[in-house]
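# Working through the structure, step by step
Spelled out, the chains give:
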Amino acid sequence: MSAADFSQFADLFPDETVTHSYVQDIALPGTSGKSSPGTFALLTLDNGLDHSKPTTLGPKTLLELGQTLEGLRDRAARGEIVGVGVTGKPYYLVAGADLSAVKSLEERDHGLWMAQLGHDVYATLANLGVPSFAFINGAALGGGLEIALQSTYRTVSTGAGALALPEAFIGLVPGWGGVYILPRLIGPENAIKVMIENPLSNNRTLSGPQAFDLGVADAIFEPADFVEQSVAWAASVIAAEVTPARVNAVDATAPDVAERWEAAITAGRKLIEAKNSNAAPAPGKVLDVMAANRTMTQQESATLECETLADLMQTDEFRSTVYAFLDLVQKRSKRPAGAPDRKLARPVTKVGVVGAGLMAGQLALLFARQLKVPVVLTDIDQARVDKGVSYVHAEVDKLLAKKRISQDAANRTKALVTGSVDKAAFADADFVIEAVFEELAIKKQVFAELEAIVSPECILATNTSSLSVTAMAADLQHPERLVGFHFFNPVAVMPLLEIVRAPRTDDAVLATAFELAKGLKKTGVLVKDAAAFVVNRILLRLMGEVTAAFDEGTPAHVADSALRPMGLPMTPFTLLAMVGLPVAQHVQESLHAAFGDRFAVSANLQKLIDNGVKGLWAADGAGTPQIPAATLDLMSFGQAPSTAEEVLHRTQDALAEEIGLMLAEGVVAGPEDIDLCMILGAGWPMFLGGITPYLDRVGASERVNGKRFLPAGVASGVAA
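Note on numbering: residues in each chain are counted from 1, in written sequence order. Under the rules for a predicted model, residues below a pLDDT of 70 receive no local features and side-chain atom pairs below 80 are neither given nor counted, while totals for whole chains, interfaces and linings still include all residues. The basis for the side-chain values is all heavy atoms of the structure; hydrogens and waters are excluded.

A few words now on the overall build of the protein. Runs of H or I in DSSP of at least four residues are treated as helices and runs of E of at least two as strands, each being numbered from the N terminus. Secondary structure assignment for the protein yields 30 helices and 19 strands. For the radius of gyration, the atom set is restricted to C-alpha positions; the globular benchmark scales as 2.2 Å times the number of residues to the power 0.38. Expected size for 720 residues packed as a compact globule is a radius of gyration near 27 Å; at 28 Å, the protein falls within 12% of this value. Considering only C-alpha atoms, the protein reaches an extent of 80 × 60 × 55 Å along its principal axes. We call two residues in contact whenever any of their non-hydrogen atoms come within 4.5 Å of each other. Restricting the contact set of the protein to residue pairs at least 6 apart, pairs at least 24 apart contribute 74%. Per-residue and other accessible areas were derived by the Shrake-Rupley procedure at a 1.4 Å probe size, with only the shown protein chains allowed to occlude residues. With an accessible surface of roughly 28700 Å², the protein has 54% of that area assigned to carbon and sulfur atoms. Across the protein, the mean location of the 60 positive side-chain charges is 3 Å away from that of the 82 negative side-chain charges. Note that His is not counted, nor are the chain ends; the positive residues are Lys and Arg, and the negative ones are Asp and Glu. All charge positions are set by atom: Lys at NZ, Arg at CZ, Asp at CG, Glu at CD.

Put into structure tokens, the structure is as follows:
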């Protein structure tokens with residue numbers, strides 16, 4: 001396409017927030033007593049919004065960047081500049097392509113043009129006639145990181161976070177050169193980690209130091225004077241006084257690298273199968289392009305990347321992912337439905353945690369690390385308290401060893417966490433959360449003791465996963481101060497917080513809970529006090545249907561693999577073992593008591609618990625999961641086996657029924673909140689767009705409830 005064609009394409013997006021390209025000329029400093037190498041052009045990408053609004057790459061942005069780079073190429077040809085640097089506004093290099101624009105590309109040709117436009121602009125950056133430098137000062141995601149990869153050299157700030165190629169996560173491929181350049185720069189194995197393993201592991205990102213260690217960046221500097229240090233380093237490179245050592249870089253044509261390349265691709269395919277049963281096309285397409293481009297020129301790979309991107313942009317999985325990621329995770333999560341005015345929130349300057357077990361230790365670490373306030377753990381004896389505090393200190397040491405925190409931050413975090421056997425240590429706390437055994441009587445006793453100690457303004461919170469917050473508050477003098485604050489395990493990783501409002505919980509308490517969630521970098525969703533709230537209620541209904549089919553005589557492998565088309569992060573029986581059979585059975589019993597036979601309690605599961613069996617599966621001599629004969633002998637089965645398709649259909653209908661009932665009960669404000677909870681609390685696959693649009697697409701919503709959960713077109717093949 002010509003520049004005029006691209007301009008007409010950009011006109012299709014009148015509402016794009018443009019990230020502008022600003023150029024500043026800098027006289028490079030001399031090095032080693034020599035005079036300045038010449039003039040350096042520093043290009044800064046900035047959308048003019050406050051620092052909480054990331055810069056993105058839409059068609060208009062790319063056109064302006066391309067025109068600016070063409071001007072710099074002309075200046076380089078005239079000898080006016082000796083190098084070009086690209087950096088961003090504070091905290092961002094660029095946060096990737098503008099998904100609001102991309103999701104509206106309804107025609108394949110439009111997707112192809114978007115891909116080609118990016119390649120056209122990036123090719124200019126890669127061929128300026130003088131060295132180009134990317135100064136990665138902050139988040140660099142997708143196309144943002146590819147800007148850096150297309151540059152000749154790269155520096156990164158120690159304070160930069162969120163460096164990633166997350167395209168496999170959002171339903172695309174790193175199609176602006178990343179899939180070609182990255183494996184050659186850092187080796188095929190590391191490239192699989194960045195392009196496949198990280199995106200499929202809760203969209204994990206790299207820190208600046210991690211990116212430097214992999215070889216993504218050539219030099220690393222502190223944030224305070226990052227750009228100045230980077231410019232000085234660029235001057236030394238241009239003056240030929242520094243040559244970056246790229247120890248992980250490979251020649252893709254070398255025979256030994258060809259073997260490594262193939263092995264990395266094979267490992268990547270196994271990883272995809274393990275993560276989502278290969279139920280979404282994008283991760284496999286990343287590997288297809290990487291496998292093919294080993295013997296291609298960069299231009300040949302660019303053509304393949306553009307065609308692949310154009311195809312993927314038309315898939316239901318991509319549109320579903322954009323809905324889930326953009327409309328739910330990025331937008332709805334920032335405006336929690338039903339949350340009170342944040343101005344009502346009270347300051348929290350000290351936190352108490354009742355209990356010193358594993359969950360309590362995780363909570364203490366999170367509060368201390370994120371809020372940077374004193375945290376006190378209590379338990380019934382000093383040995384338990386000491387063990388809880390030691391756990392926190394050990395976890396801090398692990399973060400330090402991984403270079404995720406500095407020595408000073410590690411010292412401060414450890415100093416903030418203390419322990420006591422006396423709950424009087426909570427007297428001046430503003431927020432106290434219990435993490436004790438999941439028994440109502442025990443939790444009520446804890447809160448009665450706390451209320452006699454803490455100030456009238458202190459908020460009391462429960463981390464219960466299924467018990468009634470209303471019942472816990474029933475005997476309190478101030479029931480309005482109690483709120484459910486349900487974390488998911490592992491606490492450091494799972495982003496969801498179910499914030500549970502009992503009938504008498506007041507607005508100031510709720511507002512404080514939502515502000516705390518934000519401070520903890522969690523997504524709070526307001527939930528009505530109902531048995532098991534949202535995530536556990538849905539998961540237990542799902543697992544209950546599969547377990548029931550198994551008890552009826554369905555072979556274990558058939559029952560456990562029947563939900564593979566959903567691409568769930570683990571099978572139901574694996575999830576049962578991870579949660580723990582006694583814990584799952586306890587919650588199932590609570591749900592059975594609340595809702596009856598929809599949540600059947602498995603007699604077989606109880607037999608396993610009574611005999612100390614931890615899970616159904618055990619690996620045989622070949623490493624294949626099997627149910628040991630001794631375990632099978634404990635159980636009895638019916639004579640009504642189901643096919644995998646029947647188990648899937650049955651489970652879909654059960655989920656549609658349960659979610660319909662939850663919405664009728666007002667457990668959450670709308671189906672979008674169900675979707676958000678399942679994505680952030682249960683790892684529900686993004687490419688399904690959320691559980692309710694998935695149930696809409698497969699017809700379960702209308703089969704069971706007579707209507708869809710969401711309007712037609714939402715999270716499906718047509719952008720809503």
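So, on to the UniProt feature "domain: 3-hydroxyacyl-CoA dehydrogenase C-terminal" (unreviewed entry) in the protein. UniProt positions are given in the numbering used here, feature names are shortened, and annotations may be inferred rather than shown by experiment. Mapped onto the present numbering, the UniProt feature "domain: 3-hydroxyacyl-CoA dehydrogenase C-terminal" (unreviewed entry) falls on residues 533-616. Secondary structure content for residues 533-616 is 64% helix and 0% strand, while the C-alpha to C-alpha distance between its ends is 27 Å.

Here the focus is helix α18 (residues 440-451). Because an α-helix packs 3.6 residues into every turn, residues spaced three or four apart end up facing the same way. Multiplying one less than the number of residues by 1.5 Å gives the expected span of a helix. Here α18 is 12 residues long and its end C-alpha atoms lie 16 Å apart, about the 16 Å a rise of 1.5 Å per residue gives. Here the buried face of α18 lies against β10 (351-354), β13 (431-434), β14 (459-462), α19 (469-473) and β15 (482-486).

A few words on the packing of helix α14 (residues 316-331) against helix α28 (residues 671-682). Between α14 and α28, whose axes approach to 10 Å, the crossing angle comes to 100°. Classed by the angle they form, the pair α14 and α28 counts as roughly perpendicular. On α28, the residues touching Y323, A324, L328 and V329 of α14 are E672, D675, L676, I679 and L680. Throughout, the ten residues Ala, Val, Leu, Ile, Met, Phe, Trp, Tyr, Cys and Pro are labelled nonpolar, Asp, Glu, Lys and Arg are labelled charged, and all others, Gly among them, are labelled polar. Per-class residue counts for the contact of α14 with α28 are seven nonpolar, no polar and two charged. Think of each axis as a best-fit line through the C-alpha atoms, taken over the contacting stretch in the case of a helix, with angles from 0 to 180 degrees between the N-to-C directions. Put simply, angles under 35 degrees are roughly parallel, angles over 145 are roughly antiparallel, angles from 65 to 115 are roughly perpendicular, and the rest are oblique.

Patch definition: residues with relative accessible area over 30% and no salt bridge; like charges joined within 9 Å; nonpolar side chains (Val, Leu, Ile, Met, Phe, Trp, Tyr) joined within 5 Å. We count a salt bridge whenever a side-chain nitrogen from Lys or Arg sits within 4 Å of a carboxyl oxygen from Asp or Glu. A surface patch of like charges, here negative, comprises D251, D256, E259 and E262. Each residue gets one of three labels from its accessible area relative to the maximum for its type: buried under 20%, exposed over 50%, partly exposed in between, using a 1.4 Å probe on protein chains only. For E259, a relative accessible area of 61% gives the class exposed.

Two strands are said to pair when DSSP picks up at least two bridges between them. Strand order across the open sheet formed by three strands is β4-β6-β8, with parallel pairing between neighbours. The two strands at the open ends of the sheet, each matched to only one other strand, are β4 (92-94) and β8 (163-164). Pairing geometry for β4 and strand β6 (residues 139-141), over two bridges, is parallel. Residue V94 lies in a different strand from β6, and its bridge partner there is A140. Contacts from helix α5 (residues 143-150) reach β4, β6 and β8 within the one sheet, and its direction differs from that of β6 by about 95°.

The subject of this paragraph is the pattern of salt bridges. In total, this model carries 33 salt bridges according to the counting rule given. Where K53 meets D50, a salt bridge forms, and the shortest distance between an N and an O atom there is 3.8 Å. A single salt-bridge network, built from bridges that share partners, covers R537, R541, E545, E552, R598, R650, E657, E658 and E665.

For the rest of this paragraph, the subject is α14. Among all positions of α14, only F318, R319, S320, T321, V322, Y323, A324, F325, L326, L328 and V329 are buried. Of the surrounding elements, those touching the buried residues of α14 are α3 (99-102), α6 (167-170), α13 (298-312), α28 and α29 (691-697).

To continue, consider the sheet that holds β10. The eight strands lie next to each other as β12-β11-β10-β13-β14-β15-β16-β17, forming an open sheet whose pairing is mixed. What marks the edges here is a single partner per strand, and that holds for β12 (417-420) and β17 (523-528). Neighbour-to-neighbour, the strand axes of the sheet open up by a mean angle of 25°, direction not taken into account. As judged from the six bridges shared by strand β16 (residues 496-501) and β17, these two strands associate in the parallel manner. Across the sheet, residue R501 finds its bridge partner in β17, namely K528. Seen against the sheet, helix α15 (residues 358-371) touches β10, β11 (375-378), β12, β13 and β15 and runs at an angle of roughly 170° to β11. Each of β11 and β12 touches helix α16 (residues 382-401); the most contacted strand, β12, lies at about 170° to it.

On to the side chain of T523. Here T523 is to be found in strand β17. Here T523 is in contact with S333, P495, L496, L497, L676 and L680, once residues within four sequence places are set aside.

Moving on, we come to the environment of S151. Positionally, S151 belongs in the loop between α5 and β7 (153-157). Along the sequence, S151 and V86 sit 65 residues apart, while their C-alpha atoms lie 8.6 Å from each other. Discounting residues that sit within four places of it in the chain, S151 has contacts with L125, S132, F133 and A134.

It is worth spelling out the packing of aromatic side chains at this point. Stacked, edge-to-face and tilted are the three classes for Phe, Tyr and Trp ring pairs, Trp counted by its six-membered ring, which pair at centre distances within 6.5 Å; planes under 30 degrees apart are stacked, over 60 edge-to-face, the rest tilted. One pass over the structure, following the stated rule, counts 19 aromatic pairs. Members of the aromatic cluster, connected to one another through ring pairs, are F40, F133, F135, Y153 and W233. Above the ring of Y180, the side-chain terminus of R184 is found at 3.6 Å from the ring centroid. Lysine NZ or arginine CZ positioned within 6 Å of the ring centre and within 35 degrees of the ring normal marks a charge as sitting over the ring. Taking NZ or CZ as reference, R537 lies 4.0 Å from the ring centre of F595, over its face.

With that out of the way, let us pick up the environment of M678. On the secondary structure map, M678 appears in helix α28. For M678, a relative accessible area of 1% translates into the label buried. When sequence neighbours within four positions are dropped, the list of residues in contact with M678 reads V535, I538, L539, G683, W684 and I691.

Further remarks concern the packing of helix α2 (residues 59-77) against helix α4 (residues 108-126). Helix-helix packing is described using two parameters, namely the angle between the two axes and the distance between the axes. Interhelical geometry of α2 versus α4 gives an angle of 25° and a closest axis separation of 9 Å. Classed by the angle they form, the pair α2 and α4 counts as roughly parallel. The interaxial crossing formed by α2 with α4 has left-handed handedness. Where α2 approaches α4, its residues P59, L62, L63, L65, G66, L69, E70 and R73 are matched on the opposing element by M114, L117, G118, V121, Y122, T124 and L125. In this scheme the crossing of two helices becomes right-handed for a clockwise turn of the near helix relative to the far one and left-handed for an anticlockwise turn of less than a right angle.

Moving on to the environment of V94. Summarising the element assignment, V94 is placed in strand β4. Exposure remark for V94: the relative accessible area of 0% places this residue in the buried category. Each C-alpha atom, one on V94 and one on T56, is 5.8 Å from the other, the two residues being 38 residues apart in sequence. Beyond its immediate sequence surroundings of up to four residues, V94 is in contact with L45, T55, T56, L57, A139, A140, L141, G144 and I147.

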